[in-house]
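The lines below spell out each chain.
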Amino acid sequence: MSHSFETSTGLRRLLVRLRVSGARAWEHDPEAHDLMLYAARKYEALAVKHHCDPVAGATAAFEAMRTYAARTAQDPWAVVTTAVKLTLTAEERANGLLCSVDQARRPEFSQHHDVRRFSDTEADLPNFLPALTVEPFNAEAPAPTGAYQALDATIDLFTALGWPRDTATCALDYISARLVEAGCRPRTHAALRRDHTARALLDIDQDAWSTVLRIVLGNPNPDEACTSDGHGILLRLLIGHPVTEMLDDDLMVVEISEAAPRPRSRSHA
């Protein structure tokens, strides 16, 4: 049995009548009931194609038919069909991306690939995702430098270059404690540069203190961020640079040595 709403003219006439009849017309009008059954059959295959529930096409069609664009279009069925395709495509992407349909419609979300679960593939995971590759443990390989080892090595370096061990230990412990509190080398550097307490404890001038901070924490200049000078001794030791490499840096060796506190000469009566 054919219905007038199967044509564009008949659908437009029905949509206008339902609009005029009020909000509950869709619920009680027999022709609206037949229209939705027809839409369910019409878009069922399209919904299955997009891996959606078979009735999802009818739901999308219902939402489209209630719009001004569908009621006033020259070809209402073309508008409805286009809207259904867009909605089903978004639902399919939303299911793949594990997000809402509204998000899946937006380019910044839809451009990503579907979520992949480890259990969905039988491939060797390191080959499937190289980032998961872990080098085999080698008992003979040297253990990575820890924070305490890096601190001790820095103290030894300062001591070897003329700093009294007690003073070097005090200075490096003080810097390390502030670094732990701040959690960021640039922030620590900025705070310690204005720290008069540290200078009083170490009995060194501002220039020497600034030199120590730059050498230990790294040069705060953003242009030096990816250089050895920008990393600073502590970070360089942590990422595996040997102490011998520090000693090969003639300029740094001179700067550490010249920044060392000098014993005050006693005046003679």
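Placed above this text is the structure.
This structure is a prediction, so every number in the text was calculated from the model and none was measured. (Residues numbered from 1 in each chain as written. Predicted model: local features only at pLDDT ≥ 70, side-chain atom pairs only at ≥ 80, totals over all residues. Heavy atoms only, no water.)

Peer 1: Outline the environment of Trp-209, listing residues and values.
Peer 2: Structurally, Trp-209 is set in helix α14 (residues 206-217). Classification of Trp-209 by relative accessible area gives buried; the value is 0%. As for Trp-209 and Arg-193, which are separated by 16 residues in sequence, their C-alpha atoms are 7.5 Å apart. The contact partners of Trp-209, leaving out residues within four places of it in the chain, are Ile-175, Leu-192, Arg-193, Asp-195, Ala-198, Arg-199, Leu-202 and Ile-204. A distance of 2.7 Å separates a polar side-chain atom of Trp-209 from the backbone oxygen of Leu-192. (Helix = DSSP H or I, 4+ residues; strand = E, 2+ residues; numbered from the N terminus. Buried < 20%, exposed > 50% of the residue type's maximum accessible area, 1.4 Å probe, protein only. Contact = heavy atoms within 4.5 Å. Polar contact = N/O pair within 3.5 Å; in protein donor to acceptor, adjacent residues only side chain to side chain.)

Peer 1: So what's going on with unusual backbone geometry? Residues and values would help.
Peer 2: Of all residues except glycine, most have a negative phi; of all peptide bonds, most are trans. With a phi angle near 60°, His-51 is a residue other than glycine that sits in the positive phi range. With respect to the helices and strands, His-51 occurs in the loop between α3 (30-49) and α4 (56-65). A residue is classified by how much of its surface remains accessible, and His-51, at 63% relative accessible area, is exposed.

Peer 1: Summarise helix α1 (residues 8-21); cite the residues concerned and give the values.
Peer 2: Between its terminal C-alpha atoms α1 stretches 20 Å, which fits the 20 Å expected from 14 residues at 1.5 Å a residue. Of the positions making up α1, those classed as buried are Gly-10, Leu-11, Leu-14, Leu-15 and Leu-18. One face of α1 carries all of its buried residues, which in axial projection span an arc of 130°. Those residues of α1 that are exposed and angled more than 90 degrees off the buried face are Arg-13, Arg-19 and Val-20. Gly-22 sits one or two positions beyond α1 and adopts a positive phi of about 110°. (Expected span 1.5 Å × (residues − 1). Arc of directions from axis to C-beta.)

Peer 1: Pulling in residues and values, what's your account of the side chain of Thr-188?
Peer 2: Examined against the element boundaries, Thr-188 turns out to sit in helix α12 (residues 185-193). Sequence-distant contacts of Thr-188, that is, excluding residues within four places in its chain, are made with Ile-175, Arg-178, Leu-179, Ala-182 and Leu-217.

Peer 1: Pulling in residues and values, what's your account of the packing of helix α11 (residues 165-182) against α14?
Peer 2: At a minimum axis separation of 12 Å, α11 and α14 run at an interaxial angle of 60°. In this view, α11 runs oblique relative to α14, as classed from their interaxial angle. Helix-helix and strand crossings are classified by hand; for α11 and α14 the assignment is right-handed. When α11 is examined against α14, the residues Leu-172, Ile-175 and Leu-179 are found in contact with a partner set consisting of Trp-209, Val-212, Leu-213, Val-216 and Leu-217. Partitioned by chemical class, the residues of the contact of α11 with α14 number 8 nonpolar, no polar and no charged. (Axes fitted to C-alpha atoms, helices over the stretch in contact; angles between N-to-C directions. Parallel < 35°, antiparallel > 145°, perpendicular 65-115°, else oblique. Left-handed = near helix turned anticlockwise from the far one by under 90°. Nonpolar A, V, L, I, M, F, W, Y, C, P; charged D, E, K, R; others polar.)

Peer 1: Give a description of the packing of aromatic side chains that names residues and reports values.
Peer 2: The tally for this structure, following the rule as stated, stands at 4 aromatic pairs. Between the aromatic rings of Tyr-38 and Trp-77, the centroid separation amounts to 5.6 Å while the plane-to-plane angle is 65°, which identifies the pairing as edge-to-face. With a gap of 39 residues between them, Tyr-38 in helix α3 and Trp-77 in helix α6 (residues 76-97) connect regions that are remote in the sequence. The burial state of Tyr-38 is the same as that of Trp-77; both residues are buried. An aromatic cluster of three or more residues is present, and its members are Phe-5, Tyr-38 and Trp-77. Here the basic side chain of Lys-42 rests over the ring of Trp-77, its NZ or CZ set 5.3 Å away from the ring centre. Taking the ring centre of Tyr-174 as reference, the NZ or CZ of Arg-178 above it sits at 4.3 Å. (Phe/Tyr/Trp six-rings, centres within 6.5 Å; stacked < 30°, edge-to-face > 60°. Lys NZ or Arg CZ within 6 Å of the ring centre and 35° of its normal.)

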